[in-house]
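Residues per chain are reported as follows:
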Amino acid sequence: MPRGSSAPTRRALIGGAAAAALARPAIGGTPPRVVVVGAGFGGATAARCLAAGGIDVTLVEASERYIACTGSNAVVAGLRGIEAQTFGYEALGRTGLRLVRATASAVDPAARRVTLGDGTALAYDRLILSPGIELRFDAVPGYDARAAEAMPHAWKAGAQTVLLARQLAAIPEGGTVVLSAPANPYRCPPGPYERASLIAHFLKTRKPRAKLILLDAKDTFSKQKLFETAWAKLYPDVLEYVPLAAGGQVSEVDPAAMVVRTDFAEVKADVACIIPPQRAGAIAAQAGCADRSGWCPIDPATFESRLVPGIHVIGDAAIAGAMPKSAFSANAQAKVCAQAVIDLLAGREPEDPRLINTCWSLVAPGYGISIAGVFRPHDGLLADVPGAGGVSPLDAPDAVRAQEAAYGESWYRTITRDVFG
C-alpha cells in the first residue's frame, strides 16, 4: 500500500523516543482529526503523541480506570495489591486530547466514521485501533466465560486477577494447581512462565506440600533456558512442566468437577488457571482489519492496516512479525504510528523506524531475567536487527538477578508514568 509519493528519508524514530520529537503537520486551516480507540499502553500513548503534534485527537475508552496486565502475576502470588496495577486517565485529559467515555461499537471505513454505543458518530481522517485482545472461549471445549469464574484465566487484569489470587491463597496444603499456556501467538509470550514461577514461589513459601503442573500447548517458549534453569534451582519439588510433546495441550476442561484433560491424562485441580487462545479485540474484526488468523496485518513502518486504508492497528491486536505482544511493544509502536500518522496527514513520507522491546520476568522476589530486541521493517514485517538484542546471562550470579528484578520494577514505574501521567 503506498504511503506517499516522495522518496523516503532515513530519519529513524526509535520506539523509546519522547513525544517531543513529533513534528506538527503542515496542514492549513482545520487541524486533521484522528480518533484513537482503546486507552491502554498503545492507545493512550498514541493519543498523547498526536495531541503533542498538534492533531485534533479523540480518545475513546469505556473504562473509568486502566488495570495493567503487566506485573499482575505478582498480584496473583500475593506480592502486591491490584491497586498497584490500576491507573486513572485524569492526566491524559490535561494533554489537550479529547477523552470520550464510551464503547466503540462499529467502524465505517468508507465514511471514515466511528459509531459509539450511544449512537454518537465520530468522523476521522485517520483512525488508530488499540483494542487489545479477545479471549477465544470457543477454543477449549468446556471453557467459556462462565467456566472462567471457576477456572480463571486472569489474562485480562482486574476481577479475574483478584479471583485467581484468592483461590490460590485458599488452596489446601498438599493441593494441586494446574496452569495452562496456549499456543502462539498470544499476549505476553513469557507471561505464563512468569506466572508459573511466582505461583511456585507462593506454594514453596506458603503451602510447601502443594504442587503446580504447567501444561503447555507448545514445546518452546521465550526465555526458556533461563526459566528452566531457575525452576531447577528454586522449585525442583514444586513445579512440573509438561510440554506439548509430553501431552501438555489441554483438550477439555470440566469446571464443575475441577478437572483438566489432555490427550494423555486427566488432572484433578484445586486451583486451575486456563489461559485460552486469543485474537484481536472485537472492534478490529468489525472494522475489517483482522484476517483469518484473527489478528491484524499491518505496514511495519506506519502500522496502517494492510486490509483497510486509513486505519492503523497497534499493540497486541497487530501482527508485528518478530516483535512480541507486550506493553513495551505497544508503547513503542504507538510512538512510531503517531509520527507516521502526522507525516501522512501532512503529505510527508513516513520514515523507516527502529523499535525497541525489552521484557523483564520475575521468577522470584529479587530474581529477574530479561530479553531485549530491536526491530525494523523487512520484507513487509518487523524483523530483528541482528546482534542488537539478547537475553540475560544463563550463569549470572544472584546479584545480577536481583539487579534485573529491580530494573523490571523501575521500568514498570517509568512506563506507566509515561503513559498515564
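Reading the values: the criteria
- Here, residues in each chain are numbered from 1, in the same order as that chain's written sequence.
- Under the rules for a predicted model, residues below a pLDDT of 70 receive no local features and side-chain atom pairs below 80 are neither given nor counted, while totals for whole chains, interfaces and linings still include all residues.
- Calculation of side-chain values draws on the structure's entire complement of heavy atoms; hydrogens and water are dropped beforehand.
- A run of H or I in DSSP becomes a helix once it reaches four residues, and a run of E becomes a strand once it reaches two; helices and strands are each numbered from the N terminus.
- Three labels apply to residues, based on accessible area from a 1.4 Å probe with only protein chains included: buried if under 20% of the type maximum, exposed if over 50%, partly exposed otherwise in between.
- In this analysis, two residues are considered to be in contact whenever any of their non-hydrogen atoms come within 4.5 Å of each other.
- Reported accessibility uses the Shrake-Rupley method at a 1.4 Å probe radius. Residues are deemed covered only where the shown protein chains occlude them.
- Positive: Lys, Arg. Negative: Asp, Glu. His and the chain ends are not part of the count.
- Where a charge lies is defined by one atom per residue type, namely NZ (Lys), CZ (Arg), CG (Asp) and CD (Glu).
- At least two DSSP bridges between two strands are needed for those strands to be called paired.
- To obtain an axis, a line is fitted to C-alpha atoms, over the contacting stretch when the element is a helix, and the angle between two such axes runs from 0 to 180 degrees between their N-to-C directions.
- The term salt bridge refers to a side-chain nitrogen of Lys or Arg lying within 4 Å of a carboxyl oxygen of Asp or Glu.
- Under the convention used throughout, the expected extent of a helix is 1.5 Å for every residue step, that is, one less than its residue count.
- Note on aromatic pairs: the rings of Phe, Tyr and Trp (six-membered ring only in Trp) are paired at centre separations within 6.5 Å, and the planes decide the class, stacked below 30 degrees, edge-to-face beyond 60, tilted for the rest.
- Each angle gets one of four labels, with under 35 degrees taken as roughly parallel, over 145 as roughly antiparallel, 65 to 115 as roughly perpendicular, and the rest as oblique.
- Amino acids outside the nonpolar list (Ala, Val, Leu, Ile, Met, Phe, Trp, Tyr, Cys, Pro) and the charged list (Asp, Glu, Lys, Arg) are all regarded as polar, and Gly is one of them.
- For the purposes of this section, nonpolar cores are sets of buried Ala, Val, Leu, Ile, Met, Phe, Trp, Tyr and Cys residues that join through side-chain atoms within 4.5 Å.

Colleague: Any chance you could break down the overall build of the chain for me, citing the residues and the numbers?
Modeller: When its secondary structure is counted, the chain shows eight helices and 25 strands. Taken along its principal axes, the extent of the C-alpha atoms in the chain is 70 × 50 × 40 Å. Considering the chain as a whole, with its 421 residues, one finds that 54% of them fall into the buried category. In the chain, once contacts between residues fewer than 6 apart in sequence are set aside, the share between residues at least 24 apart is 67%. Carbon and sulfur atoms form 53% of the exposed surface of the chain, whose accessible area is close to 16900 Å². Taking the 42 positively charged and 39 negatively charged side chains of the chain as two groups, their mean positions are separated by 4 Å.

Colleague: Any chance you could break down the sheet that holds strand 5 (residues 98-100) for me, citing the residues and the numbers?
Modeller: Here five strands make up an open sheet; going across it, the order is 5-2-1-9-20 and the pairing parallel. Of all the strands in the sheet, just strand 5 and strand 20 (311-313) have a single pairing partner and so form its edges. Averaged over all pairs of adjacent strands, the angle between their axes in this sheet comes to 20 degrees, without regard to strand direction. When strand 1 (residues 33-37) meets strand 2 (residues 56-60), the two strands line up parallel, connected through five bridges. Bridged to Val34 within strand 2 is Val57. Most of the contacts of helix 1 (residues 41-52) go to strand 2, to which it runs at about 165 degrees, and overall it touches strand 1, strand 2 and strand 9 (126-129). Strands strand 1, strand 9 and strand 20 of the sheet are contacted by helix 7 (residues 327-345), whose axis makes an angle of about 170 degrees with strand 9.

Colleague: Account for the pattern of salt bridges, with residues named and values stated.
Modeller: Under the counting rule described, the total for this entry stands at 17 salt bridges. Across the salt bridge formed by Glu252 and Arg261, the nearest N and O atoms sit 3.7 Å from each other. Judged by its relative accessible area of 34%, Glu252 falls in the partly exposed class. Residue classification places Arg261 among the partly exposed positions, given a relative accessible area of 23%. In this structure, the salt-bridge partner of Asp352 is Arg376, at a minimum N-O distance of 3.2 Å. With Asp352 in the loop between helix 7 and strand 22 (355-364) and Arg376 in strand 23 (residues 367-378), this residue pair connects regions lying 24 residues apart in the sequence. With a relative accessible area of 14%, Asp352 lands in the buried category. Through salt bridges with shared partners, a single network forms among Glu252, Arg261 and Glu266.

Colleague: Provide a residue-level description of helix 1, including the pertinent values.
Modeller: For the α-helix, the turn length of 3.6 residues means that residues three or four positions removed from each other point alike. Taking 1.5 Å of rise per residue, twelve residues should cover 16 Å, and helix 1 covers 17 Å from first to last C-alpha, within 8% of that figure. Of all twelve residues that make up helix 1, ten are buried, and the element is covered over most of its length. Buried positions along helix 1 lie against strand 1, strand 2, strand 3 (65-67), strand 9, helix 7 and helix 8 (398-420). Downstream of helix 1 by one or two residues, Gly54 has phi in the positive range, about 85 degrees.

Colleague: With reference to specific residues and values, describe the packing of aromatic side chains.
Modeller: Scanning the entire structure with this criterion turns up 16 aromatic pairs. Geometrically, the ring pair formed by Phe137 and Tyr143 is tilted, given 5.9 Å between the ring centres and 40 degrees between the ring planes. According to the relative accessible area criterion, Phe137 is partly exposed, its value standing at 28%. The class of Tyr143 is buried, set by a relative accessible area of 1%. Relative to Phe227, the ring of Phe221 has its centre 6.2 Å away and its plane inclined at 50 degrees; by these criteria the two rings are tilted. Look at Phe221 and you get buried, because its relative accessible area is 10%.

Colleague: For the packing of helix 1 against helix 8, give the residues involved together with the corresponding values.
Modeller: Two elements in contact, helix 1 and helix 8, have axes separated by 8 Å at closest approach and are oriented at 50 degrees. Relative to helix 8, the element helix 1 is oriented oblique. Contacts from Phe41, Ala44, Thr45 and Arg48 of helix 1 reach helix 8 at Ile415, Thr416, Asp418, Val419 and Phe420. Partitioned by chemical class, the residues of the contact of helix 1 with helix 8 number five nonpolar, two polar and two charged.

Colleague: How would you summarise the sheet that holds strand 13 (residues 239-242) if you had to cite specific residues and measurements?
Modeller: In space, the four strands of this open sheet follow the order 13-12-11-17, with parallel pairing throughout. Strands at the two margins of the open sheet, each flanked by one partner only, are strand 13 and strand 17 (271-274). Between one strand axis and the next, the sheet turns through 15 degrees on average, direction left out of account. Here strand 11 (residues 176-181) runs beside strand 17; their pairing, made up of four bridges, is parallel. For Leu179, the partnering residue across the bridge sits in strand 17 and is Cys273. Packed onto the sheet, helix 4 (residues 191-206) meets strand 11, strand 12 (211-216), strand 13 and strand 17 and runs at close to 170 degrees relative to strand 12.

Colleague: How would you explain the nonpolar core if you had to name every residue and give the values?
Modeller: Grouped together as the largest cluster of nonpolar side chains are 107 residues, with contacts concentrated most on Leu50, Leu129, Leu203 and Trp231. Examining the composition of this core, we find that eleven residues originate from one element, helix 7, more than from any other. Aside from chain neighbours lying at most four places away, what touches Leu129 is Val37, Ile283, Ala284, Ala287, Cys289, Ile311, His312, Val313 and Ile314. Residues Ala147, Met151, Leu215 and Val253 belong to the second largest nonpolar core, which totals 17 residues.

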